[in-house]
Amino acid sequence: MIRIAFVLCGLSSDWLGGINYFKNLFSAIDSLPNSNIKIVIVTGKNSNLYGLDKYAGEVIRTRILDRYSVFWLLSKSIKFVLRREYLFYSVLLKNNIHLISHFGALWKGCSIPSLMWIPDFQHIHLKELFSKELIDYRDKDFNRICKISDAVLVSSCDSKKDLYDFLGTKNINVHVLRFVSTVTDDITDIPTLDCIKEKYNLNKKWFHIPNQVWQHKNHILIINSLNYIKAKNRDDVVVVFTGSTGDFRSKEHFIFLNEIISKYKVEDYVIFLGVIPYIDVMALMKYSIAVINPSFFEGWSSTVEEAKSLGKKIFLSDIPVHREQNPDRGFYFNTNDHVALANLMIETTDNYQTSVEEERFQLSKNNMEERRRQFAIEYQNIATSVLQKKK
């Protein structure tokens, strides 16, 4: 049995996409018959795991990972003097860890190999959304990861190309793991349409955008589309937004969006629900007319993968990674073309059929287990290959 350490600290509701990523990976591995992997979460004594411990074979809590604790300070002092995380290394050795995955690589040549994850290279493509300090930090961190890791994990071929461009070389051991959003654990518990309508006071059919309200998610395009739809004298279109409304890079962004909504007088066309239970997000997606992801950039969109798993029609910004994800019911629009998106929304509203949606839902539900199995097998093969190469 391969004991793989996932070092998870500082998780928060501001990064629900990351939490859902690990939930999907862990549940896929956990469900794989005859898996040779044991998931070991390593975290601080005070860390919130947001339910991820449910899928772990073991959870190790150590004060070394509690920021500013005595043990954390001691570990950092040792690292400063000896240039090695020897205290944390001893914890991993004591617990017979064979591989460190995603976060927490120790040092180049360490006896415990590492498979580190770089989620995306957004700061290269959208520099205007990042401060110089944050760009420099990400550049330094990504270079460090590539230097000390035994292998690097990315979520798409598009990100792999970005990695090669970033480093200026292909001389690196890199693996692509395209994650799959598998809602199997929750799918039978999805609330009924009537329950979800009553809970959130939804009186009309809706489109759903489950993206956090960050600048690169391009929510402004939706508002412009709704303004266009309003000008067509349509009052039967509503967009439900879920996800955190805070962007750490621009605390004024949500305020700005609301100002535009007021300016266009489209308040009756939008509903912001913020962070809600994941099972309700799945219900809103399932019963929606369609899902929308207008994002300027993605490493690998969980929104697209969730739409695939629920069999939903999805309107997508025409960016390389969305093309790579290639959902069966995907329709593409330019990131700046609010008219094209508005016309898709109007046409789909006029032709929506509940029976078709239920049929596609059942079909996707039947295919979900195989998609999840392949995801788990791919990760297992990658982890095994990194360990074999280390020997």
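Everything below is about the structure shown above.
Residues numbered from 1 in each chain as written. Predicted model: local features only at pLDDT ≥ 70, side-chain atom pairs only at ≥ 80, totals over all residues. Heavy atoms only, no water.

1. Some points on the pairing of strand S5 (residues 114–117)
And then number 1: Here S5 shows no split at all, with Ser114 and Met116 on one side and Leu115 and Trp117 on the other all buried.
And then number 2: Here 3 bridges tie strand S4 (residues 99–102) to S5, and the two strands are oriented parallel to one another. Residue pairing across strands places His102 opposite Met116, the latter belonging to S5.
And then number 3: With 3 bridges connecting them, S5 and strand S6 (residues 151–154) associate as parallel partners. In the sheet register, Met116 faces S6, and the bridge partner there is Val152. (Buried < 20%, exposed > 50% of the residue type's maximum accessible area, 1.4 Å probe, protein only. Helix = DSSP H or I, 4+ residues; strand = E, 2+ residues; numbered from the N terminus. Pairing = 2+ DSSP bridges.)

2. Brief notes about the packing of helix H1 (residues 16–31) against helix H15 (residues 354–390)
And then number 1: The N-to-C vectors of H1 and H15 enclose an angle of 95°; their axes lie 8 Å apart at closest approach. It follows from the interaxial angle that H1 and H15 lie roughly perpendicular. Contact residues: H1 offers Asn24, Leu25, Ser27, Ala28, Ile29 and Ser31, while H15 offers Arg372, Phe375, Ala376 and Tyr379.
And then number 2: Here the residues of the contact of H1 with H15 sort into 6 nonpolar, 3 polar and 1 charged. (Axes fitted to C-alpha atoms, helices over the stretch in contact; angles between N-to-C directions. Parallel < 35°, antiparallel > 145°, perpendicular 65-115°, else oblique. Contact = heavy atoms within 4.5 Å. Nonpolar A, V, L, I, M, F, W, Y, C, P; charged D, E, K, R; others polar.)

3. Re the packing of helix H5 (residues 132–148) against helix H6 (residues 157–167)
And then number 1: The N-to-C vectors of H5 and H6 enclose an angle of 100°; their axes lie 11 Å apart at closest approach. In terms of orientation, H5 lies roughly perpendicular with respect to H6. Residue-level contacts link Asp139, Phe142, Asn143 and Cys146 of H5 to Leu163, Phe166 and Leu167 of H6.
And then number 2: For the contact of H5 with H6, a count of residues per class yields 5 nonpolar, 1 polar and 1 charged.

4. Details of the sheet that holds strand S3 (residues 58–61)
And then number 1: Ordered in space as S3-S2-S1-S4-S5-S6-S7, the 7 strands form an open sheet in which the pairing is parallel. The sheet is open, and its two edges are formed by S3 and strand S7 (174–176), each paired on a single side. When the angles between neighbouring strand axes are averaged without regard to direction, this sheet yields 25°.

5. Remarks on helix H3 (residues 86–94)
And then number 1: Inspection of H3 places Phe88, Tyr89, Val91 and Leu92 among the buried residues, and these make up the whole buried set. Down the axis of H3, the sector holding all buried residues measures 155°, keeping them to one side.
And then number 2: In this structure, the buried residues of H3 make contact with strand S1 (2–7), strand S2 (37–43), S3, helix H2 (70–82) and S4.
And then number 3: Just downstream of H3 lies Asn96, where phi reads positive at about 55°. (Arc of directions from axis to C-beta.)

6. Some words on the nonpolar core
And then number 1: By size, the foremost hydrophobic cluster in this structure holds 38 residues, and its most contacted members are Phe6, Leu8, Leu25, Phe26 and Tyr379.
And then number 2: Mapped onto this core, the elements with two or more residues apiece are S1, H1, S2, S5, S6 and H15.
And then number 3: If we skip the residues at most four places from it in the chain, Phe26 touches Phe6, Leu8, Ile39, Ile41, Leu52 and Tyr55.
And then number 4: With 33 residues, the next largest nonpolar core counts Phe142, Ile145, Cys146 and Val174 among its residues. (Core = buried A, V, L, I, M, F, W, Y, C linked by side-chain atoms within 4.5 Å.)

7. Observations regarding the pattern of salt bridges
And then number 1: Scanning the entire structure with this criterion turns up 22 salt bridges.
And then number 2: In this structure, Asp350 engages Arg234 in a salt bridge whose closest nitrogen and oxygen atoms are separated by 2.6 Å. In this pair, Asp350 sits in helix H14 (residues 338–351) while Arg234 sits in the loop between helix H9 (219–231) and strand S9 (238–242), placing the two residues 116 residues apart along the sequence.
And then number 3: Given a relative accessible area of 49%, Asp350 falls into the partly exposed group.
And then number 4: For Arg234, a relative accessible area of 16% puts it in the buried group. (Salt bridge = Lys/Arg side-chain N within 4 Å of Asp/Glu carboxyl O.)

Just geometry here; none of it tells us what the structure is for.
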